[in-house]
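Residues per chain are reported as follows:
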Amino acid sequence: MSPSTPGADLPDHPDRLWRNPEPKRSYDVIVVGGGGHGLATAHYLARNHGITDVAVLEKGWLGGGNMARNTTIIRSNYLWDASAGIYEHALKLWEGLAEELDYPILFSQRGVLNLAHSLQDVRDSVRRVEANRLNGVDAEWLDAEQVKEVCPIVNISPDVRYPVLGGTYQPRAGIAKHDYVAWGFARSADAAGIDIIQNCEVTGLDVVGGRVVGVQTTRGPIAAGKVALCSAGHTSVLAAMAGIELPLQSHPLQALVSELLEPVHPTVVMSNAVHVYVSQAHKGELVMGAGIDAYNSYTQRGAFHIIEEQMSAALELFPVFARAHVLRTWGGIVDVSPDASPIVGLGPVGNLYLNCGWGTGGFKATPGVGWVYAHTIAHDTPHPLNAPFSLDRFTTGALVDEHGAAAVAH
C-alpha cells in the first residue's frame, strides 16, 4: 500500500479490549443488543448516571449486526425539530467522541451532499436547508456547478435520466470507522465494570404482574431490574415475547465495497431519487449503499436486482466508477416505523424500554441515542430529546414524518 493511500496509518489496537465474563444471575439493567446503540447506552449509563451493574447481551459477536453492516454516514440535516434535535446532539458528541472514549474512531468531517434531480426535489431540499438553519444545523443549498466544485467526479450533464439540479450540503457531516466506534464504546463500558456477554441470545422475556423481571437466554435465565431493547431489526421479535406488537417492518438493506483505490471521492454523496449513496472509506474502498428491498425479511442478504439498479445509478452519477470492481456485498436488517422516525422510550410493560425503528439512520445517531436512552432508563422518564419519539405517538397522531429527509435509504 502506497504511503498516500487512505488507511496506510490506521492505528494499532491493544491485544484485548474487553473481558468475556460469564453472566451473573441478576443485574440492575440488561441491555439486549451488543451493537452501537447497546454499547453506547451502557457507556452513558456508567458515565452519566453511575449505573454499572449492567450486562450487554449479544446473540452473536459484538458489533456484528447492523453496526458492522452499515455505510457509516453521519449527518444531522433532518427536517423536523425533533429529528434535528436528536441527530444534532449526536453530531456534537461525534465531534468529541474520540477524546471522550480515549480511542480512535476516525471521524472524518468531509461533508455530505444530498442531490436534487427534479424541481420538487429542489423545493423540498431548499425547505430543509431553511429548517436546518432555524435549528442551528449547518446547511447550504448548492447549484449544480457548486456541487461539482465540492465533488469533481459527479456528472452534472443535463443529458442523463436524473440530471443533477443541485443539492443540500452539510459541511460538518461525514463518516467514521464503525468497528472502531463499537470497540471504543465496549472498551469504555468494560472499564467501568459492565459485563459484555457475547454468544448469549435472549429467547424469552419474563413478565410478572405486568412488569419484566428478567430474561431467558441460551446461557440460562438472568434476572433484571430493567430490560432495555436495542436490537434493531429483531426488536419487534423480542417485544413480542412480552406480548407487545410494535408498528415496525423489517427489511433487508444492501451495501457493497470496491477494491482499494487511490483517493478519488472527497465527500459523501447521496441521491434519494436514484437510491445510491457513496463515500470512500479510510482504507480506500468505495462504500456504496442502495435502497431497501421491498419485501419483509430477517435475513442479512438481499435481492440481486437491487445491486443492479444501484450500479446503474452509481455509474450515471460517477462515470469514473466504471473502472472499479466490486469486492464484496452484504445486507443488514433495518426496522422501519410508519413515520420513518425511531421509537425511543418506555415500553407498555413495566421495566421494559424500547430503542428501535431507526430504519437506515441508526449509525449516525449512536452516541446521541446512547445518551438519551441511558437517561430514560436511569430516570424512568424520557430525556427531552427523545420524548417526541415515544410509542404512543402512533395513537395520539403526533407523528414525526421524516420520509423526505430519511428516505429510509441511508
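Keep in mind the model is a prediction, meaning the values are calculated, not measured.

K.L.:
It is not clear to me how the pairing of strand E12 (residues 249–260) should be interpreted in this structure. Could you clarify?
P.N.:
Counted residue by residue, E12 has 9 buried out of 12 residues, so it is predominantly covered. Here E12 runs beside strand E16 (residues 326–336); their pairing, made up of 10 bridges, is antiparallel. Of the residues in E16, the one forming a bridge with Gln 249 is Val 336. In the sheet, E12 pairs with strand E15 (residues 285–292) via 5 bridges, with the strands oriented antiparallel. Its bridge partner being in E15, Val 257 is matched across the sheet by Val 287.

K.L.:
Could you clarify how one ought to interpret the packing of helix H1 (residues 36–49) against helix H5 (residues 178–191) in this entry?
P.N.:
Helices that pack against each other are described as a pair by the angle of their axes relative to one another and the distance between those axes. The geometry of H1 relative to H5 is characterised by a closest axis approach of 8 Å and an angle of 35° between their N-to-C directions. Note on packing geometry: the crossing formed by H1 with H5 is left-handed. Residues Leu 39, Ala 40, Ala 42, His 43 and Tyr 44 of H1 form the contact with H5, whose participating residues are Ala 182, Phe 185, Ala 186, Ser 188 and Ala 189. Partitioned by chemical class, the residues of the contact of H1 with H5 number 8 nonpolar, 2 polar and no charged.

K.L.:
How should I be thinking about the packing of aromatic side chains in this particular structure?
P.N.:
To describe a pair of aromatic rings, one takes the distance between the centres and the angle between the planes. By the definition in use, this model includes 8 aromatic pairs. Judged by centre distance (5.3 Å) and plane angle (55°), the ring pair of Tyr 44 and Trp 371 falls under tilted. Of this pair, Tyr 44 sits in helix H1 while Trp 371 is found in helix H8 (residues 366–379), placing the two residues 327 residues apart along the sequence. Summarising the aromatic geometry, the rings of Phe 318 and Phe 321 are spaced 4.7 Å apart at their centres and angled 20° between planes, so their arrangement reads as stacked. Accessibility expressed as a relative area gives 1% for Phe 318, which makes it buried. By relative accessible area, which is 7% here, Phe 321 ends up buried.

K.L.:
How do you make sense of unusual backbone geometry when you look at a structure like this?
P.N.:
Leaving glycine out, the prevailing phi sign among residues is negative, and the prevailing peptide bond configuration is trans. With a phi angle near 60°, Ala 340 is a residue other than glycine that sits in the positive phi range. Unlike most non-glycine residues, Asp 380 shows phi in positive territory, near 55°. With respect to the helices and strands, the residue Asp 380 is situated in the loop between H8 and helix H9 (393–396). Asp 380 sits in the partly exposed class, given a relative accessible area of 42%.

K.L.:
Teacher, can you tell me more about the nonpolar core here?
P.N.:
One recurring pattern in soluble globular proteins: nonpolar side chains tend to sit buried together. If you look at the biggest cluster of nonpolar residues, it comprises 51 residues, and the most contacted ones within it are Val 31, Leu 39, Trp 94, Val 181 and Phe 185. Those elements that place two or more of their residues in this core are strand E1 (26–32), H1, strand E2 (54–57), helix H2 (81–101), H5 and H8. Residue contributions to this core peak at 9 residues, all from H2. Dropping the residues within four chain positions of it, Phe 185 is found in contact with Leu 39, Ala 40, His 43, Tyr 44, Leu 97, Leu 101, Thr 366 and Pro 367. Core analysis: the next-biggest nonpolar cluster, separate from the first, contains 26 residues, Tyr 27, Ile 197, Cys 200 and Leu 354 among them.

K.L.:
What exactly am I supposed to notice about the sheet that holds strand E14 (residues 276–280) here?
P.N.:
Across a sheet, paired strands are connected by hydrogen bonds in the backbone, their directions being either parallel or antiparallel. The mixed open sheet is built from 8 strands, whose spatial order is E5-E6-E4-E13-E14-E15-E12-E16. The outermost strands of the open sheet, each flanked by one partner alone, are strand E5 (140–143) and E16. Mean inter-strand twist for the sheet, computed between neighbouring axes without regard to direction, equals 20°. In this sheet, strand E6 (residues 166–170) lies alongside E5 in antiparallel orientation, the contact comprising 4 bridges. From the neighbouring strand, Asp 143 faces E6, where its bridge partner is Gly 166. Docked against the sheet, helix H3 (residues 119–134) engages strand E4 (112–116), E5 and E6, running at close to 150° with respect to E5. Where helix H7 (residues 304–317) meets the sheet, it contacts E4, E12, strand E13 (268–271), E14, E15 and E16, and its direction lies at approximately 125° from that of E15.

K.L.:
In this structure, what is going on with the pairing of strand E17 (residues 343–346)? I would like to understand it.
P.N.:
A regular strand places its side chains on the two faces of the sheet in alternate fashion. In this sheet, strand E18 (residues 352–356) lies alongside E17 in antiparallel orientation, the contact comprising 4 bridges. Residue pairing for E18: Ile 343 is matched across the bridge by Cys 356. Two successive antiparallel strands, E17 and E18, enclose a turn made up of 5 residues, where Asn 351 displays a positive phi of approximately 70°.

K.L.:
Is there a simple way to explain the UniProt feature "domain: Rhodanese" (unreviewed entry) in the protein chain in this structure?
P.N.:
UniProt's entry tags residues 29–73 with the feature "domain: Rhodanese" (unreviewed entry), counted in the numbering of this structure. Across residues 29–73 one finds 31% helix and 20% strand; the C-alpha atoms that close the span lie 30 Å apart.

How each quantity is defined
- Residues numbered from 1 in each chain as written.
- Predicted model: local features only at pLDDT ≥ 70, side-chain atom pairs only at ≥ 80, totals over all residues.
- Heavy atoms only, no water.
- Buried < 20%, exposed > 50% of the residue type's maximum accessible area, 1.4 Å probe, protein only.
- Helix = DSSP H or I, 4+ residues; strand = E, 2+ residues; numbered from the N terminus.
- Pairing = 2+ DSSP bridges.
- Axes fitted to C-alpha atoms, helices over the stretch in contact; angles between N-to-C directions.
- Left-handed = near helix turned anticlockwise from the far one by under 90°.
- Contact = heavy atoms within 4.5 Å.
- Nonpolar A, V, L, I, M, F, W, Y, C, P; charged D, E, K, R; others polar.
- Phe/Tyr/Trp six-rings, centres within 6.5 Å; stacked < 30°, edge-to-face > 60°.
- Core = buried A, V, L, I, M, F, W, Y, C linked by side-chain atoms within 4.5 Å.
- UniProt positions renumbered as here; feature names shortened; annotations may be inferred.

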